[in-house]
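# Residue-level structural notes
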Amino acid sequence: MAMLHTVNKSPYEKSALESCLNHVSEGDTVLLIEDGVYAVVKGGRAANALASVKGVKIAALEADLKARGIGGDKITEGVEVVDYGGFVDLVEANDKTEAWL
Amino acid sequence: MAMLHTVNKSPYEKSALESCLNHVSEGDTVLLIEDGVYAVVKGGRAANALASVKGVKIAALEADLKARGIGGDKITEGVEVVDYGGFVDLVEANDKTEAWL
Amino acid sequence: MKLGIVVNEGPYTHEASDTAYNFAVAALEKGHEIYRIFFYHDGVNNATRLTVPPQDDRNIQQKWTELQEKHDLDLVVCIAAAQRRGILDENEMKRQGKDAYNIAPGFRISGLGQLIEAGIQCDRLVTFGD
Amino acid sequence: MKLGIVVNEGPYTHEASDTAYNFAVAALEKGHEIYRIFFYHDGVNNATRLTVPPQDDRNIQQKWTELQEKHDLDLVVCIAAAQRRGILDENEMKRQGKDAYNIAPGFRISGLGQLIEAGIQCDRLVTFGD
Amino acid sequence: MSEGVKKFLYVNRKAPHGTIYALEALEVVLIGAAFEQDVELAFLDDGVFQLVKGWDTKDLGSKNFAPTYMALGDFEVTKVFVEKESLDERGLTADDLMELMYEDEDDDWAEKPSIRIVSREEMARIMAANDVILSF
Amino acid sequence: MSEGVKKFLYVNRKAPHGTIYALEALEVVLIGAAFEQDVELAFLDDGVFQLVKGWDTKDLGSKNFAPTYMALGDFEVTKVFVEKESLDERGLTADDLMELMYEDEDDDWAEKPSIRIVSREEMARIMAANDVILSF
C-alpha cells in the first residue's frame with residue numbers, strides 16, 4: 001500500500017512538509033510541487049531536513065523548479081526531478097495519493 | 001514611532017508570528033487576530049515563544065478568541081484581550097500598522 | 001483619525017473580510033473617518049452581487065453594500081485584480097465585450113492609484129488579508 | 001488508470017489550477033482516462049467566463065474549456081461552494097432570482113455527491129489546492 | 001476495486017474560522033455519509049482546533065457550525081481520530097474537545113464516544129490503511 | 001502630514017509563482033512609482049525567492065514577470081533591501097539574485113546596484129522608519 005504524498009507549500013512559510021515527513025511510511029514517495037520545491041535548495045534548512053528522512057523517495061516537479069530558477073547544482077542530492085508525465089506515473093505507481101495542503 | 005503589528009496566522013501552521021517577533025522594536029504592540037489568536041493558548045509551544053519577547057505589548061482580539069473557544073484560564077498570562085473598538089484604539093495609538101500576512 | 005482599509009481576500013474563504021468589516025464598523029462608531037476601503041487580490045470577490053450564501057449564514061457582500069449606503073463609504077475594487085477574477089461593472093462589460101456583469105451596488109471599479117492615494121491621504125492604513 | 005482530479009483554488013491567485021491543468025494534460029497524453037474534474041472551495045472560480053486576464057498572460061478558464069471540448073471531460077463545479085462565491089449557471093440564476101449568470105462553457109454545476117462518486121469510481125483521486 | 005466499498009479518510013489539518021476549509025470539509029463528510037462507504041475522520045496539526053469546545057461566533061458574525069460536529073454520530077460517522085502530539089504542542093488535552101457521541105447499533109444502541117486519541121505513529125498507519133484520502 | 005511626501009515601504013514576504021501576491025505586489029509598486037513618494041522595497045522570509053535569477057516559466061505556462069523586477073530602476077525604485085538571515089536559512093547568497101541596477105542622476109547617471117543586503121536588525125529599523133507599510 002505505498003502512497004504518494006504531494007507537498008505544495010514552502011517549508012519556510014508553512015509546516016506542511018514537516019508534518020508530511022512525520023507521517024510517511026517506508027516505501028512512500030514525497031513529491032514536491034509548486035512552492036514545495038523550495039525545500040530542495042542545497043544548503044537550506046529544509047534540504048537538511050529532507051536528507052534526514054530514510055526509506056522514502058523524494059521527487060520534485062521540474063516545471064516548478066525551472067520557474068523558480070532552481071536547477072543543476074542548486075538542487076540537493078538524492079532528489080529525483082520529474083516532469084508532469086513523471087508525476088502521472090508516480091500517481092499510478094502508488095496505491096493512493098495524499099495532498100498535504 | 002511605535003508600531004502596531006497584526007498577525008492573523010496560526011503560529012503552528014505558518015511562520016508569520018515568528019518573523020514578526022524577530023522584527024518588532026521596543027514599545028511596539030503585536031495584536032493577534034483571526035487564526036493568530038491560537039498563539040495564546042496556555043501551555044502551547046507558541047505561548048512559550050510569546051513569553052520570551054520583552055518590551056513589546058501582546059494583545060489578542062476577543063471576538064476571535066471567543067469564536068475558537070479560547071477564554072479565561074486557557075489564555076496565557078500577559079496577553080491583553082481587546083474588542084474591535086480596542087483594535088481601532090491600538091491603530092490610533094501607534095504611528096503605523098504592519099500586517100504580517 | 002482618517003483611515004484607509006485594504007481588504008485582500010474573498011468573503012467566506014478567508015476571515016479577512018469579516019475582520020475588516022467589523023473593524024470598519026467599530027471605527028465608524030468611534031467617530032473616525034473612513035477615507036476609502038480598497039479591495040485588492042481576491043478581495044475583489046467581496047463585490048459580486050451573484051453570491052447566494054446559505055440561509056443561516058451572513059451575506060458579506062450585502063453587509064458591505066449596506067455599510068456603504070449608511071455612511072457613504074468609498075468602496076473601491078482594483079480594476080486589474082477584478083479583471084483577472086471576473087468581477088466587472090457595466091462599463092467594463094461593454095469595454096471587454098462580455099455579455100454580463102456582476103458588481104454589487106455600492107462598489108466602484110478603479111485603478112491601483114486609489115490605493116496609493118489612500119496611503120498618502122490617510123493617517124493610518126490597515127491591511128486585512130492572507 | 002481512471003483518474004479523478006480535485007481543484008480547490010481559484011485561477012491566478014494560486015498555482016493549484018495551473019498544476020491541475022498541466023497534470024490533466026499529461027495524464028491524457030499518456031492515455032489515462034479522466035473520469036471527472038471536480039472544482040471545490042475557491043476552485044469554483046475557474047468556471048467564470050467573465051475573467052479578462054492581461055493580454056500577455058494565460059487564460060486559465062479558456063484552457064479548461066478547450067480541454068473539455070477536446071476530450072469531452074466532465075468538469076463539475078460544486079453547487080454549494082459556487083453559490084457562496086457567486087458562480088451561477090442560467091438555471092441557478094433563475095432559481096435564485098438573480099439577474100445574471102457567469103458560468104463558462106464546458107463546466108456544469110452539481111452537488112458534492114459527484115466528488116464522493118469520483119472517489120468511489122476512480123482508481124486514483126488527486127487533489128490540488130492550498 | 002472500483003465497485004466495492006472503499007475506505008474514505010478525511011484529513012483535517014486546518015484551524016476553523018480563519019479559513020473556510022473546516023466548514024466546507026464538513027459539508028463533504030455529511031454528503032459522503034449517504035454513500036455507504038467506510039468513513040474515517042483524522043484531525044491533526046491545526047485540525048485539532050476544529051474540535052475545541054465552547055465556540056461563540058456571535059461577535060465575529062459568522063456561522064457557528066460546531067453543532068455539525070456534534071451531529072456526525074447521527075450520520076453514522078463514528079470513527080474520529082485525533083492526534084495526541086498535535087494536541088500536546090498546542091497546549092490542548094482531550095478534555096478541551098467537544099464530546100462527540102454515537103449510538104452503537106451492535107451494542108444495544110449504547111452511547112459511545114466517537115473521538116479516539118491516537119499517536120502520530122498510529123495516525124500514519126491510519127493514513128496508510130485507507131483507500132481514498134480527501135485532504136482539507 | 002497628510003499632504004507631504006511620505007515614505008512608503010513595500011514588504012514582500014511571499015514566494016513567487018505558488019501564489020499571485022508577488023506579481024500583484026509589483027503592480028502596486030509600478031503604479032506607486034508615479035506618485036513621487038519615497039519608496040523602499042523590503043524582501044524577507046520567502047520574499048527573497050522573488051529575486052532569485054534564472055526563472056523559466058514556459059513549462060508551467062504562467063507569465064514570466066522577472067523582467068519587471070529588472071525594470072524597477074527605470075521607475076526610480078532604487079532602494080531594495082534583502083534580509084541576509086532569510087537568504088542564509090534558504091541556502092541562498094547574494095550571487096543567486098537578479099542584478100537590479102539603476103542610473104544615479106546625482107552621480108552622472110552611473111549604473112549602481114539597487115539591492116542592499118541587510119541584517120535582520122537593520123530590516124527592523126527600516127520598517128520602523130517608514131510612514132506607510134504595504135504588506136504582501
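As the structure is a prediction and not an experimental result, all values here were calculated from the model.

## Considerations on the interface of chain D and chain C
- Residue-level contacts link 22 residues of chain D with 22 residues of chain C.
- Of the roughly 2100 Å² buried between chain D and chain C, counting both surfaces, carbon and sulfur atoms make up 52%.
- Where chain D touches chain C, the interface holds two salt bridges.
- Where Arg 49 of chain D meets Asp 99 of chain C, a salt bridge forms, and the shortest distance between an N and an O atom there is 3.0 Å.
- On inspection of chain D and its partner chain C, the count reaches twelve residue pairs in polar contact (both at pLDDT 80 or more).
- Of the residues assigned to the side of chain D that touches chain C, the class counts are eight nonpolar, eight polar and six charged.

## Points about the interface of chain F and chain D
- Contact with chain F, which involves nine residues of that partner, is made by ten residues of chain D.
- Between chain F and chain D, a total of about 830 Å² is buried, with carbon and sulfur atoms accounting for 48% of that surface.
- Inspection of the chain F/chain D interface yields one salt bridge.
- Note that Lys 63 of chain F and Asp 56 of chain D form a salt bridge whose closest N and O atoms lie 3.1 Å from each other.
- In this assembly, chain F and chain D are joined by four residue pairs in polar contact (both at pLDDT 80 or more).
- Per-class residue counts for the side of chain F that touches chain D are two nonpolar, five polar and two charged.

## Some points on unusual backbone geometry
- Positioned with a positive phi, Tyr 12 of chain C is a non-glycine residue whose angle comes to about 70°.
- Its place among the elements puts Tyr 12 of chain C in the loop between strand S1 (2-7) and helix H1 (16-29).
- Unusually for a residue other than glycine, Asp 45 of chain E sits at a positive phi of about 50°.
- Residue position: Asp 45 of chain E is located in the loop between strand S2 (38-43) and helix H2 (66-70).
- On the accessibility criterion, Asp 45 of chain E (7% relative accessible area) is buried.

## Looking at the layout of surface pockets
- Computed from the structure, the largest pocket encloses a volume of approximately 820 Å³.
- In terms of lining residues, the largest pocket is bounded by 34 residues, among which Pro 11, Ser 15 and Glu 18 of chain A together with Ser 15 and Glu 18 of chain B are the most central.
- Across the lining of the largest pocket, the residue classes tally to twelve nonpolar, six polar and 16 charged.
- Phe 75, Glu 76, Val 77, Thr 78 and Glu 105 of chain F are, among the 21 residues lining the second largest pocket, the residues nearest its centre.
- Elements that contribute at least two residues to the lining of the second largest pocket include exactly strand S2 (38-43) and strand S4 (101-104) of chain F.
- Looking at the lining of the second largest pocket element by element, the count peaks at four residues for S4 of chain F.
- Tallied by class, the residues present in the lining of the second largest pocket amount to nine nonpolar, three polar and nine charged.

## Thoughts on the relation of the copies chain D and chain C
- The two copies are related by a screw operation: chain D maps onto chain C through 180° of rotation and 0.0 Å of translation along the axis, at an RMSD of 0.0 Å. Between the two chains, the operation in question is that of a two-fold axis. Minimal C-alpha separation from the rotation axis in chain D is found for Ala 100 of chain D, amounting to 3.1 Å.
- Of all interface residues in chain D, 100% are interface residues in chain C too; the two copies therefore contact each other through one and the same surface.

## With respect to the sheet that holds strand S3 (residues 57-61) of chain B
Residue and element names in this part refer to chain B.
- A sheet is described by the order of its strands in space; here five strands give the open sequence S4-S3-S2-S1-S5, paired in parallel fashion. Here the strands that pair on one side only, and so sit at the sheet edges, are strand S4 (79-82) and strand S5 (96-100). In this sheet, neighbouring strand axes are inclined to one another by 25° on average, regardless of whether the strands run parallel or antiparallel.
- Looking at chain direction, strand S1 (residues 3-7) and strand S2 (residues 29-32) are connected through four bridges and run parallel. Bridged to Val 7 within S2 is Leu 32.
- Sitting on the sheet, helix H1 (residues 16-23) touches S1, S2 and S5, and the angle it makes with S1 is about 165°.

Here is what the cut-offs are and how they apply
Residues numbered from 1 in each chain as written. Chains lettered and ligands numbered in written order. Predicted model: local features only at pLDDT ≥ 70, side-chain atom pairs only at ≥ 80, totals over all residues. Heavy atoms only, no water. Contact = heavy atoms within 4.5 Å. Buried area = accessible area lost by both parts, 1.4 Å probe. Salt bridge = Lys/Arg side-chain N within 4 Å of Asp/Glu carboxyl O. Polar contact = N/O pair within 3.5 Å; in protein donor to acceptor, adjacent residues only side chain to side chain. Nonpolar A, V, L, I, M, F, W, Y, C, P; charged D, E, K, R; others polar. Helix = DSSP H or I, 4+ residues; strand = E, 2+ residues; numbered from the N terminus. Buried < 20%, exposed > 50% of the residue type's maximum accessible area, 1.4 Å probe, protein only. 1 Å grid on protein atoms, 1.4 Å probe; cavity = no way out; pocket = protein on both sides within 12 Å on 5 of 7 lines; lining within 4 Å. Points joined across faces, edges and corners; volume = space filled by probe spheres on them. Least-squares fit on C-alpha atoms with pLDDT ≥ 70 in both. Pairing = 2+ DSSP bridges. Axes fitted to C-alpha atoms, helices over the stretch in contact; angles between N-to-C directions.

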